[in-house]
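Fold and geometry: a report
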Amino acid sequence: MDPVQSLVKGLADKYGRTRESLLPVMQGVVQQEKYLSEYSMVEIAREMDIPASDVYGTATFYSFLETQPAGKFIIRVCKTITCAMKGKNQILFSIQDMLKIKVGETTPDNRFTLLETNCLGWCHKAPAMLINDEVYTDLTPEKIREILSGYIKKSI
Amino acid sequence: MTDYKMHLLICGGTGCKAAESDEIKKSLKNWIDELGLEDDVQVVFTGCFGFCEKGPIVKVMPDNTFYVNVKPDDAEEIVKEHLLKGRPVQRLLYTDPVSKKAISDSKGMNFYKKQLRIALRNCGFINPESIDEYISRDGYMALGKCLGELTPDETIKEIKDSGLRGRGGGGFPTGLKWEITRNVESDEKYVVCNADEGDPGAFMDRSILEGDPHSVIEAMAICGYCIGAENGLVYIRAEYPLAIERLKIALNQAREYGLLGEDILGTGFNFEIDIRLGAGAFVCGEETALIHSMEGLRGEPTFKPPFPSVSGYLGKPTNVNNVETFANIPVILNKGASWFSKIGTEKSKGTKVFALAGKINNVGLIEVPMGTTLREVIYDIGGGIKDGKGFKSVQTGGPSGGCLTKDFLDTPIDYDNLIKAGSMMGSGGMIVMDEDDCMVSIAKFYLEFTLEESCGKCSPCRIGNKRLHEILENITNGNGKEEDLERLKLLSNVIKDTSLCGLGQSSPNPVLSTILNFEDEYLAHVNEGKCPAGQCKALLKYEIIEDLCTGCTLCFRNCPVGAITGERRQPHYIDQSLCIKCGVCYEKCKFNAIRLS
């Protein structure tokens, strides 16, 4: 059994093999692999006895279930109204400038993926972003440089 | 909390945590240990105080001293001066923006004076990771009372009498919903807590789960007892990692204490709660979509009826309530329906939590009795508009709501008044806009949000909103025509009338309400090619005023696209073909040498 197969099997053992368990299983794969590859979706379908097209259809509905390869750190910049009013664009520019990638892209070394997302619920501390599970608020271009430098060091 | 003479409460909400409250706690502890006060003073993390604008916040109990903008280096002074000598540190106290006086007791702050905290009663007072602290503030008393003294019908009657209505936006009477679910015959039923808060500008559910998760757990168990369910599910957004963590801790503690699981408090009542994580889909806040998502399907809504109360999760009767609604339940049962129903207006009882954001001085969470006016919320509690600018509008109800003008400032806020005014309560987000905000762009923003979050199932929402957005895009690009306004109104009404779920039915509200209240702004865009607020980038450009430019190169160095050229100490120029109009140069220039025209 390859790593993806055993991961899927382990998750299905934990959450069950009924349709209600599909989301938790997919979330478990994303947590480990960072995204759902075609291969892992087919494996989930096989393990849970659900049509692969259904697995794909469900996965693509949810923005937190990535179906494109993603980096080790997924940066999600909030683009909703208060963050936009408070300078989200400048934040995006400084991230793009520093990592040399555009929104939706991953750095060639597979460390960072840059995405936009809808309201993170930090409207009173806008602009905000998530890096994996960490929330960063009251962002400024200077703060971005500091935060990203930390991550760059961390991932070496 | 009786063993210690003093308590230092440090805000452990994510906002303050991001602003180093961990460091502050460590530093305070070090000084307390160093001075041998560890047996007298306890340092604890609490949930959000709501006054995030001035975080991190440290509160000293019992004297209620409220320190704002605390830095780790301030710990020494707080411990030595305040704890040891009993002298509050003046420079860290909150200064009233009007009277310029330092206020030591938080009860004296306007921000707290007009508030009445029911759903947020424990947020900022207890350590959310300690069930004992929740219990010490009457926690789980209501559950004990229901299981021991009240029948399910009596409990439901109490909730009905209180007049509590759903706080997630719909405003459906909670007691009635419970009664309907109770009366459906079924071998299995479910209690679902909707924590898929996604309205732009709303963050109260996150704060309640981060600050007082046990109140939700207790209320869900009570609901289970009333409707005859043994299983509860909390559907929470994946965007809220801290809330998820705190909820997990709370669930484990409740299980350990026998307040969840089998034979709760020896009464034979079984109840268990599981967490289901959302995966980034706004429409899942709609209850049928939420249920489908929990079933492992695409989170698309389905037609009601059947309502979830009759046929919900896995086809079983399911009672779905929002986090804030649940947080009210234990208080109602402890203090009685008659106490609760005295608060608020005739048809909207109790309090409502609002999330203040945007161009307002005190951003953060507030809770006020229903019937408080917008003016009280924005000026007295919110401290007025930022930088002394003029108030233009307040957006309530998120993408389903509308923008209210200053004419509505004295309208008492409740479910019905807001609908009458062309907006809605929604989950309680309030985004305040000043004279610099363009209302056409605001409407476009909300539509962008709806477009992306529309599940695509029904065509009025999927295609109609796309067309609405295109028309608005044209207007903000300077290509709009006057007849576009009529077309916007017509199309909006069709979308409202024909969409399948609440998302589509309310998605044109921001467009309609801005046309209604700010028609002149739309007309300025289409007839004169002008954006009165100076926000629509296509209608303006940045220029450097030669006479004022000192050639400091600050704009040159900060321009993200290299559109600015010029020699040091010589006036600089902006290449309009490269300029992306991000406004960085405008903000950075120290000599006001950049103008918008």
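About the criteria used
- Every chain is numbered on its own, with residues counted from 1 as its sequence reads.
- In the order they appear in the text, chains get letters beginning with A and ligands get numbers beginning with 1.
- Under the rules for a predicted model, residues below a pLDDT of 70 receive no local features and side-chain atom pairs below 80 are neither given nor counted, while totals for whole chains, interfaces and linings still include all residues.
- In computing side-chain values, all of the structure's heavy atoms are included and hydrogens and water are not.
- Numbering of helices and strands starts at the N terminus; helices are DSSP runs of H or I of at least 4 residues and strands are runs of E of at least 2.
- Here's how the labels work: a residue is buried when its accessible area is under 20% of the maximum for its type, exposed when over 50%, partly exposed in between, all with a 1.4 Å probe on protein chains only.
- Only heavy atoms matter for contacts: two residues are in contact if any of them lie within 4.5 Å across the pair.
- Computed with the Shrake-Rupley method and a 1.4 Å probe, the accessible areas treat only the protein chains shown as cover for residues.
- Residues scored as positive are Lys and Arg, those scored as negative are Asp and Glu, and His as well as the terminal groups of each chain are ignored.
- Where a charge sits is defined by one atom per residue type, namely NZ (Lys), CZ (Arg), CG (Asp) or CD (Glu).
- Two parts placed together each lose some accessible area under a 1.4 Å probe, and adding up what both lose gives the buried area.
- By salt bridge we mean one thing: a side-chain nitrogen of Lys or Arg within 4 Å of a carboxyl oxygen of Asp or Glu.
- Paired rings are identified among Phe, Tyr and Trp, the last through its six-membered ring, by centres lying within 6.5 Å, and are further divided according to the angle between planes into stacked (under 30 degrees), edge-to-face (over 60) and tilted (the rest).
- Only lysine NZ and arginine CZ atoms are considered, and such an atom sits over a ring when it is within 6 Å of the ring centre and within 35 degrees of the ring normal.
- The start and end points of each domain follow an automatic or database-based domain assignment.
- Strands are treated as partners if at least two bridges between them are detected by DSSP.
- UniProt positions are given in the numbering used here, feature names are shortened, and annotations may be inferred rather than shown by experiment.
- Patch membership needs two things, relative accessible area over 30% and no salt bridge, and members are linked within 9 Å if like-charged or within 5 Å if nonpolar (Val, Leu, Ile, Met, Phe, Trp, Tyr).

The next thing to look at is the overall build of chain A. Secondary structure assignment for chain A yields seven helices and four strands. Reading the secondary structure of chain A in the N-to-C direction produces α-α-α-α-β-α-α-β-β-β-α. Along the first, second and third principal axes, the C-alpha atoms of chain A reach 50 × 35 × 25 Å. Across the 156 residues of chain A, 56% fall into the buried class. Long-range pairs, those at least 24 residues apart, make up 61% of the contacts in chain A with a sequence separation of at least 6. Surface exposure of chain A reaches about 6900 Å², of which carbon and sulfur atoms provide 50%. Seen as two clouds, the 19 positive and the 19 negative side-chain charges of chain A have centres 7 Å apart.

Moving on, we get to the interface of chain B and chain A. Contact with chain B, which involves 60 residues of that partner, is made by 35 residues of chain A. Interface area for chain B against chain A, summed over the two sides, is near 3700 Å², with a carbon-plus-sulfur share of 63%. Three residues, Glu239(B), Ala279(B) and Arg298(B), lead the burial of chain B against chain A; their summed loss comes to 15% of the area buried on that side. On the surface where chain B and chain A come into contact, there are two salt bridges.

Here we come to the packing of aromatic side chains. The geometry of an aromatic ring pair is captured by two quantities: the separation of the ring centres and the angle between the planes. Under the definition given, this model contains 17 aromatic pairs over all chains. Where Tyr136(A) meets Tyr151(A), the ring centres are 6.2 Å apart and the plane angle is 80°; that geometry is what we call edge-to-face. You can see Tyr136(A) sitting in strand 4 (residues 134–136) and its partner Tyr151(A) sitting in helix 7 (residues 141–154), a full 15 residues away along the chain. When sorted by exposure, Tyr136(A) lands in the same class as Tyr151(A), which is buried. Between Phe51(B) and Phe66(B) the ring centres are 6.1 Å apart and the planes differ by 55°, which places this aromatic pair in the tilted class. Within this pair, whereas Phe51(B) is found in the loop between strand 2 (41–46) and strand 3 (58–61), its partner Phe66(B) is found in strand 4 (residues 65–67), the two being separated by 15 residues in sequence. Among the aromatic residues, those joined into a cluster by ring pairs are Phe51(B), Phe66(B), Tyr94(B), Phe111(B) and Tyr112(B). Over the ring of Tyr240(B) we find Arg206(B); its NZ or CZ atom is 5.9 Å from the centre of that ring. When the ring centre of Tyr240(B) is taken as origin, the NZ or CZ atom of Arg237(B), which lies over that ring, is 5.0 Å away.

Assigned domains within chain A: domain 1 (3–61) and domain 2 (73–154). For domain 1 of chain A versus domain 2 of chain A, the separation of C-alpha centres amounts to 28 Å.

Under the domain assignment, chain B is made up of domain 1 (6–109), domain 2 (131–340), domain 3 (351–434), domain 4 (439–528) and domain 5 (541–596). Taking only C-alpha atoms into account, the centre of domain 1 of chain B sits 47 Å from that of domain 4 of chain B.

This brings us to the pairing of strand 8 (residues 231–236) of chain B. Consecutive side chains along a regular strand alternate between the two faces of the sheet. Residue and element names in this part refer to chain B. Of all six residues that make up strand 8, five are buried, and the element is covered over most of its length. As defined by bridge partners, strand 7 (residues 190–195) adjoins strand 8 across six bridges and the pair is classed as parallel. Counted as the bridge partner of tyrosine 190 is asparagine 231 from strand 8. Direction of pairing for strand 8 relative to strand 10 (residues 269–277): parallel, over a ladder of six bridges. Residue leucine 233 lies in a different strand from strand 10, and its bridge partner there is aspartate 274.

Turning our eyes to something else, we now look at the UniProt feature "binding site: [2Fe-2S] cluster" (unreviewed entry) in chain A. Residue and element names in this part refer to chain A. On the UniProt side, "binding site: [2Fe-2S] cluster" (unreviewed entry) is annotated at positions that read Cys78, Cys83, Cys119 and Cys123 here. Across 46 residues in sequence, these annotated residues keep their C-alpha atoms within 9.4 Å of one another, forming a single compact spot. In this structure, cysteine 83 sits in helix 5 (residues 81–85). By relative accessible area, which is 2% here, cysteine 83 ends up buried. For cysteine 83, the contacting residues outside a window of four places in its chain are Cys78, Lys88, Ala126, Pro127 and Ala128.

What follows concerns a nonpolar patch on the surface. A cluster of nonpolar side chains, Phe172(B), Leu176(B), Ile180(B) and Val310(B), forms an exposed patch at the surface whose accessible area comes to about 300 Å². Take Val310(B): it is sitting in the loop between helix 12 (287–294) and strand 11 (318–322).

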